[in-house]
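Residue-level listing of the chains:
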Amino acid sequence: PDSTSAQHKSTTSITTPCQAIASQFNGSIALVSSTISTTMSSPTKDEEQLPSDVAVSAAVPKGSPPAQPASTPVPRTPEEQQQLDEFNQWLFRWNNYQHQLAHYWRGRGAGHPSGSSNTAYGTVHYDKWQMRFQELCDFKHEMGHCNVPTDYVYKYNPPLGQWAKRMRKLHKEGKLDEDRVWRLQNVGFPFVTDNSGGTIKFSVVWDKSFKALKAYRDEHGDIEVPKDYKADEDGPMLDKWILRQRRLYKDKKLSSHMIKKLEDLGLNLKGRARPFGHQSFSEWSAHYKELSDYCKEHGNTDVPSKYKHNPALGIWVKTQREHHKFGRLPDDRVKMLNQLGFNFFYGRQSDKTADPWLTRMLELKAYKDAYGNCNVPRSYPTNFALGDWVQNQRLAYKEDKIPQKRVEELKEMGFDFEIKTAKQSGDGGGSHWDKRFSALVEYSKKNGHVNVPEVCQEDPKLGDWVKRQKRYHREHTLKSDRFERLQNIGFTFDEKPVRKKEPWNAQYDALVEFKAEHGHLRVPVHYEPNPTLYYWCGTQRQTHKKGKLAEDRVELLEAIDFDFSTGPSRERKKKERRETNFMDTDFWEVSFQKLQEYKSIHGHTNVPQRHEEDRLGPFVHYMRFYYKGGKLTPLQVERLEGIGFQWNLAESLWEKRKNDLVAYKERTGTFDVPHSEDPALHQWANNQKKMFNEKRLQQDKIDRLAEIGFDVEESTPKKRSVVGVEATPTKGAAGGESWEKRFMELVEYNNEFGHCIVPAVYKPKPALANWVSQQRIKYKNGTLPERYVDRLNDLGFNFGEKSRASLPAGLKNPEAEPVHREVYLQKLWDANYAQLAETVERTGNADIPFKYEANPSLGAWCFAQRMAHKKNKLTKERYDRLMELGFKF
């Protein structure tokens, strides 16, 4: 190609306008070989999209002085600019050809020792830098930027990112040649990385996830990845990764080149849920038409997955079944496929993958056989899936999305597509009614009848429900099937006849007949011939008392000697009632003997005050009252004490509880009574501590508790919980022995980790974190005993900002060298960063979760870094250091 004739041929092959433009480049057109027109093929699609500045920069040989741009650009017409771009494209392809040719001769061992060769283009240097620069240009053409991650391997090893990092370092130190600086700048290489725009950086992890999604698209024809899908064992979950890209796009944290790559892949970044890709109904309809033609020809839609005549149709049919299986196929498309008789379960005949419709229909039939209807409650405890399925069938029927064939099958079974409201059905819904009916059946089995009282101690709501069923029956709003189910278990409605209001004259005539028959007007309450007559007479008296009874009616009643006077009031009856004299000698003796009999039966003399039999309850109450007032004789006091009579019930109960606590200590060796074992004793022990802290516990009781070794200084913990640990107010909080136990656990934790900062979720000892939190709260409230404070301080326990134990050594001792807060926090951050780096080096994973069992403190620290980054409080230096480790925010 270095012959003169070839050069002349090359020159004449270029069009005249190109020669005019090329003259602006100092006659560089003369360097172009005839190989451009004779050897090279037409430009590729990527080359046609190559910017003009990239082509020119790539074509400049090494050693050439950087072009000095003119102070004012030369104006060009659109045609001239287009021709210039075409010329630059030819130059760029020529440069690539020279490199490929040199690579070929080097492979055959004919390369020049100096690393260069003379061509018509000039002296071309084939060194490693040129190869990496070309790789960078290719990276930009594909990715749209030059921000290469540090460990990113594009074509060759070592990674291209390390080469880019070295270029930045050489440029910063002033050791990079000017021509290389100029060439890197022309391709848009950033010598200073800046992420101030808020967008995320292009990383190895992002590119790996993108390539995995692209591979899935190439294999399956779409990007609708299943839930928790991973391309490999160590890869990310692609469905979660797609959702994260959508969030980043919404927060405007995705760069333009990332958005373009994702949209080119078919990802719908503006969506919220599935499907992930854009809906292309036209393409889907084309395949649907092909399936319709196949159905007309073969009589079915069971296209084989490897259909020779149309492989794309077989793959498409298989994809529809997969989308339907995972719930990703839209309802309108399901309806269209059902119209063709499409079998979504073709090729899956095993029990595990049988048609769910048939499975649910069999379950619904079993439910109907058991309960007599198809109204499966939404929260049916025996089969939650069946309840949801029944609800979905009603919704699909309402929206006309269920095939007519299935509608007919459901109607044949007696399926009710319309569910009435509570007012229409006369109850609170099928699920509530069935639940109460089951409770009534259990009540009948246990008690032998279904006569549930209105106030039922076993189930208070059941009595109200039974009452409502009777009312619904009277109002004719109870369903017939429920009426039959209640009758089958022996339920009697016992509805009382509704009393009709009789006219005044009719009641008056009935009263006249009553007097003629009995000779008086004292009508009994339960007068069977006319149950309302008694109440009618009372109404006449009250109406007459208020002056509202008509005069003609008063005259008629007076004519039969009707008594308008009302009965004696409650106050009068109470005054007329004779008060019992408990100090009467005869009555006292009789009551004392009754009390002795009561003790022989019940074993004690604590008769309830409302015990009205023989007025024994009031007698016991008045004996205590008279004893307190000094009205009992010494003989009466001696006789009562002789049978174990207790003058102060509260004191006797306190003594009993104390004895029970002593017995529990002798049996178990501790005063920590669990609530589940003895709720009353557990509550009493906590009340003693509470009363002591509130200074309401009497000194004699404090001394008596101290004699048995019970520590009342330990305050009762409040019912509060730490994140992830349920509050345990009985364990680790009641008694000095529990405090010692938790303290020893804290000592072991300190020996293992070197500090007392117990994480909220510490699985080896879950109660320790709650105990540590309680110590800080008691210290803050001033209720933690001083001896406990001293022991915790000696261990280096952190009580908070006011605790000297939590401060660095430099701040504890004024004479020591002062430690600034920023320095201390930075050292603490560096120490945690070192732990993270060690973990990454050991495991190769920087995605440390919050609940990191191997090192809970490190998990909490990593969570704090993510929160700081989310709130824009993480410094750029720390961000860069974390990104170097591959930390995932």
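Heads up: the structure comes first, above all this text.
These notes cover the structure that comes with them.

Conventions adopted
- Residues numbered from 1 in each chain as written.
- Predicted model: local features only at pLDDT ≥ 70, side-chain atom pairs only at ≥ 80, totals over all residues.
- Heavy atoms only, no water.
- Helix = DSSP H or I, 4+ residues; strand = E, 2+ residues; numbered from the N terminus.
- Contact = heavy atoms within 4.5 Å.
- Areas by Shrake-Rupley, 256 points an atom, 1.4 Å probe, with all protein chains shown as cover.
- Axes fitted to C-alpha atoms, helices over the stretch in contact; angles between N-to-C directions.
- Parallel < 35°, antiparallel > 145°, perpendicular 65-115°, else oblique.
- Nonpolar A, V, L, I, M, F, W, Y, C, P; charged D, E, K, R; others polar.
- Buried < 20%, exposed > 50% of the residue type's maximum accessible area, 1.4 Å probe, protein only.
- Patch = residues over 30% accessible without salt bridge, like charges linked within 9 Å, V, L, I, M, F, W, Y side chains within 5 Å.
- Salt bridge = Lys/Arg side-chain N within 4 Å of Asp/Glu carboxyl O.
- Arc of directions from axis to C-beta.
- Phe/Tyr/Trp six-rings, centres within 6.5 Å; stacked < 30°, edge-to-face > 60°.
- Lys NZ or Arg CZ within 6 Å of the ring centre and 35° of its normal.
- Expected span 1.5 Å × (residues − 1).
- Core = buried A, V, L, I, M, F, W, Y, C linked by side-chain atoms within 4.5 Å.
- Lys, Arg positive; Asp, Glu negative; His and termini not counted.
- Charge placed at Lys NZ, Arg CZ, Asp CG, Glu CD.

### Some details on the overall build of the protein chain
Along the protein chain, the regular secondary structure elements total 39 helices and two strands. A separation threshold of at least 6 residues defines the contact pool for the protein chain, and within that pool the share at least 24 residues apart is 52%. Entry remark: accessible area of the protein chain is about 55400 Å², with carbon and sulfur atoms responsible for 51%.

### Topic: the packing of helix α23 (residues 504-518) against helix α25 (residues 551-559)
Their axes nearest at 11 Å, the elements α23 and α25 cross at an angle of 10°. Put simply, α23 runs roughly parallel to α25. The segment α23 lies against α25, with W504, Y508 and L511 engaging R553, L556 and L557. Looking at the contact of α23 with α25, its residues break down into five nonpolar, no polar and one charged.

### Quick notes on unusual backbone geometry
Non-glycine residue D228 carries a positive phi angle of around 60°. With respect to the helices and strands, D228 occurs in the loop between α10 (204-220) and α11 (238-250). By relative accessible area, D228 is classed as partly exposed at 36%. The backbone phi angle of N872 is positive, close to 60°, even though this residue is not glycine. For N872, the position within the fold is in the loop between α38 (856-870) and α39 (876-884).

### Describing a nonpolar patch on the surface
Taken together, the side chains of V525, Y534 and Y535 present a nonpolar region at the surface, about 270 Å² in accessible area. Locating V525 in the fold gives a position in the loop between α23 and α24 (533-545).

### Topic: helix α18 (residues 404-413)
Of the residues making up α18, those classed as buried are V407, L410 and M413. Mapping the buried residues of α18 onto a view down its axis gives an arc of 125°, with all of them on the same face. Exposed side of α18, more than 90 degrees from the buried face: Q404, K405 and E412 are the residues found there. Following α18 by one or two positions, G414 adopts a phi angle in the positive range, close to 90°.

### Observations concerning the packing of aromatic side chains
Applying the stated criterion to the full structure yields 43 aromatic pairs. An angle of 35° between the planes, with centres 4.5 Å apart, marks the rings of Y367 and Y371 as tilted. In this pair, Y367 and Y371 both sit in helix α16 (residues 356-371), four residues apart, roughly one turn of the helix. Pairing W588 with F592 gives two aromatic rings, centres 5.3 Å apart and planes at 5°, and the pair type is stacked. Of this pair, W588 and F592 both sit in helix α27 (residues 585-602), four residues apart, roughly one helical turn. Each member of the pair, W588 together with F592, is buried. Between R639 and the ring centre of F592, over which it is positioned, the NZ or CZ distance is 4.6 Å. Above the ring of Y788, the side-chain terminus of R787 is found at 4.7 Å from the ring centroid.

### Notes on helix α34 (residues 766-781)
Here α34 spans 24 Å end to end across 16 residues, near enough to the 22 Å set by a 1.5 Å rise per residue. Turning to α34, its buried residues number three or more, namely L768, A769, N770, W771, V772, S773, Q774, Q775 and K778.

### A few points about the pattern of salt bridges
Two side chains bearing opposite charge may form a pair once their charged atoms approach each other closely. Inspection of every chain in the model, using the stated rule, returns 27 salt bridges. We note a salt bridge from K658 to E655, for which the minimum N-O separation is 3.2 Å. Taken together, the residues K658 and E655, both in helix α30 (residues 649-668) and three residues apart, mark about one turn of the helix. Between D830 and R881 there is a salt bridge; the shortest N-O distance is 3.3 Å. Placement of D830 in helix α37 (residues 821-843) and of R881 in helix α39 is noted, with a sequence separation of 51 residues between them. Given the relative accessible area of 24%, R881 is considered partly exposed. In this structure, a network of salt bridges that share partners links the residues E655, K658, D700 and R704.

### What to know about the nonpolar core
Considering soluble globular proteins, one finds that nonpolar side chains tend to be buried as a cluster. By size, the foremost hydrophobic cluster in this structure holds 39 residues, and its most contacted members are L136, W163, L184, F189, L213 and L262. Elements that contribute at least two residues to this core include exactly α7 (128-143), α8 (160-172), α9 (178-186), α10, α11 and α12 (256-264). Looking at this core, the element that brings in the most residues is α7, giving six residues. L262 has contacts with W206, F210, W241, Q245, L254, L267 and L269, leaving out every residue within four places of it along the chain. Membership of the second largest hydrophobic core comes to 19 residues, among which are F743, Y749, Y788 and F799.

### Considering a negative patch on the surface
Negative charge collects at one region of the surface, where E551, D552, E555 and E558 lie side by side. You can see E558 is positioned in helix α25.

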